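In case you want the letters, here they are:
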Amino acid sequence: MSDAATFIERLPKAELHLHIEGTFEPELMFAIARRNGIELPYGSVAELRAAYEFENLRDFLDIYYQGMNVLRTERDFYDLTWAYLERARAENVLHAEIFFDPQAHSGRGVAFATVIEGLHRALEDGAAKLGISAKLIPCFLRDLPAEDAMATLEEALAYKDSIVAVGLDSTELGHPPAGFREVFDRARAEGLLTVAHAGEEGPPEYVRQALDLLRVARIDHGNRALEDPALVARLAREGVPLTLCPLSNLRLKVVEDLAVHPLKEMLAKGLCVTVNSDDPAYFGGYVNENYRAVQEALGLTDQDLGLIARNSFEAAFLDAPEKQALIARLDAYLAER
Ligand code: ADE
Ligand code: ZN
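This is a predicted model, so every value here is computed, not measured.

J.: Can you help me understand the packing of helix H1 (residues 3-10) against helix H15 (residues 287-298) in this one?
T.: Between two packed helices, the angle of one axis relative to the other and the distance separating the axes together describe the packing. Where H1 contacts H15, the axes come no closer than 10 Å and their chain directions differ by 145 degrees. In terms of crossing hand, the pair formed by H1 and H15 is right-handed. Seen from H1, the contacting residues are Ala4, Ala5, Ile8 and Glu9; seen from H15, they are Asn288, Tyr291, Arg292 and Gln295. Along the lines of polarity and charge, the residues of the contact of H1 with H15 split into four nonpolar, two polar and two charged.

J.: What should I look at first to understand empty space enclosed by the protein in this one?
T.: With the rule as written, the count across this model stands at one cavity of 30 Å³ or more. The volume enclosed by the largest cavity comes to roughly 110 Å³. Together, 16 residues line the largest cavity, and His19, Leu57, Leu61, His197 and Asp279 are the ones closest to its centre. Element by element, the count of residues in the lining of the largest cavity is highest for helix H4 (residues 57-67), at four residues. Here the lining of the largest cavity is composed, by residue class, of six nonpolar, five polar and five charged.

J.: How do you make sense of helix H8 (residues 146-157) when you look at a structure like this?
T.: One full turn of an α-helix is made of 3.6 residues, so residues set three or four places apart face in the same direction. Relative to the 16 Å expected for twelve residues at 1.5 Å per residue, H8 spans 16 Å between its end C-alpha atoms, a close match to the ideal helical length. Those residues of H8 that sit buried are Ala149, Thr152, Leu153, Ala156 and Leu157. The buried residues of H8 occupy an angular sector of 140 degrees when projected down its axis, which confines them to one face. Here the buried face of H8 lies against helix H6 (102-106), helix H7 (112-130), strand E3 (133-141), strand E4 (165-169) and helix H9 (181-189).

Conventions used here
Residues numbered from 1 in each chain as written. Chains lettered and ligands numbered in written order. Predicted model: local features only at pLDDT ≥ 70, side-chain atom pairs only at ≥ 80, totals over all residues. Heavy atoms only, no water. Axes fitted to C-alpha atoms, helices over the stretch in contact; angles between N-to-C directions. Helix = DSSP H or I, 4+ residues; strand = E, 2+ residues; numbered from the N terminus. Left-handed = near helix turned anticlockwise from the far one by under 90°. Contact = heavy atoms within 4.5 Å. Nonpolar A, V, L, I, M, F, W, Y, C, P; charged D, E, K, R; others polar. 1 Å grid on protein atoms, 1.4 Å probe; cavity = no way out; pocket = protein on both sides within 12 Å on 5 of 7 lines; lining within 4 Å. Points joined across faces, edges and corners; volume = space filled by probe spheres on them. Expected span 1.5 Å × (residues − 1). Buried < 20%, exposed > 50% of the residue type's maximum accessible area, 1.4 Å probe, protein only. Arc of directions from axis to C-beta.

Have a look at this one:
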């Protein structure tokens, strides 16, 4: 293993942009399908993996929503989450903020309670047995009506103590943040933080709307913000964190090559960038593979990588003492080298 790969492997980090349904590895998908008596439209793990060729976000989402169809019981959601936490811990992820898509489950008759109880129980075991801290962020599907999002928020509020924020995901183009203003106002009035996918495929205006109308504490992706210098200056001035997902961008053709990924330019412009895996089972790599890929393609130094890890803790939805404790572990690692 190269020096950089070893450095990344042992680097303490947080993961802030991770869809739990996007960690559904084909092997587990087949096992759960069998357990639930469901026939998958693929004959084998290899055949399923071969279908993971995407032209854009919509292409991917079709397969992603199809895959999660076999998740039916609380145990299924527990198993999915536990598998991710074990993996994350092995990659030195000390803290994870995990998205889930309640409407993708309620729309096929799986109750919000079933989903969140499975997820939450896995997080409790993750803290107790693996020493990994984690928080949950339900996301609203922006290609469904805002009324559906509001109804989902009402369900989520019954579990307010188990979630830290709400998010916005799914097909971006044609579904600007503005439509979800009232939903996000209500979430914030209930004490929840907010985040939104913006500028992945959508224009800089969607990033502005997420900031001004949804009052988000972080932007998920944000790649296209770079097209608007005034917006970049604002993101830098206000210290708004961006949760970048390099391998996702490559596989969804948001960038044609990692050598032209905006991460390095964003760092140079003083933006608070973080590196994350988005949907690692579909995009060919968990968080360390994402760090490795950008390190190699963009020639990042250990100092750059250390800054990205520091940003991940600074941008986390933790209180100051919790952040300090994690940053102290990062500093100890950097000092011992
Ligand atoms: N849902 C899961 N992954 C997503 C992504 N990269 N963008 C928007 N919605 C998503
Ligand atoms: Zn995402």
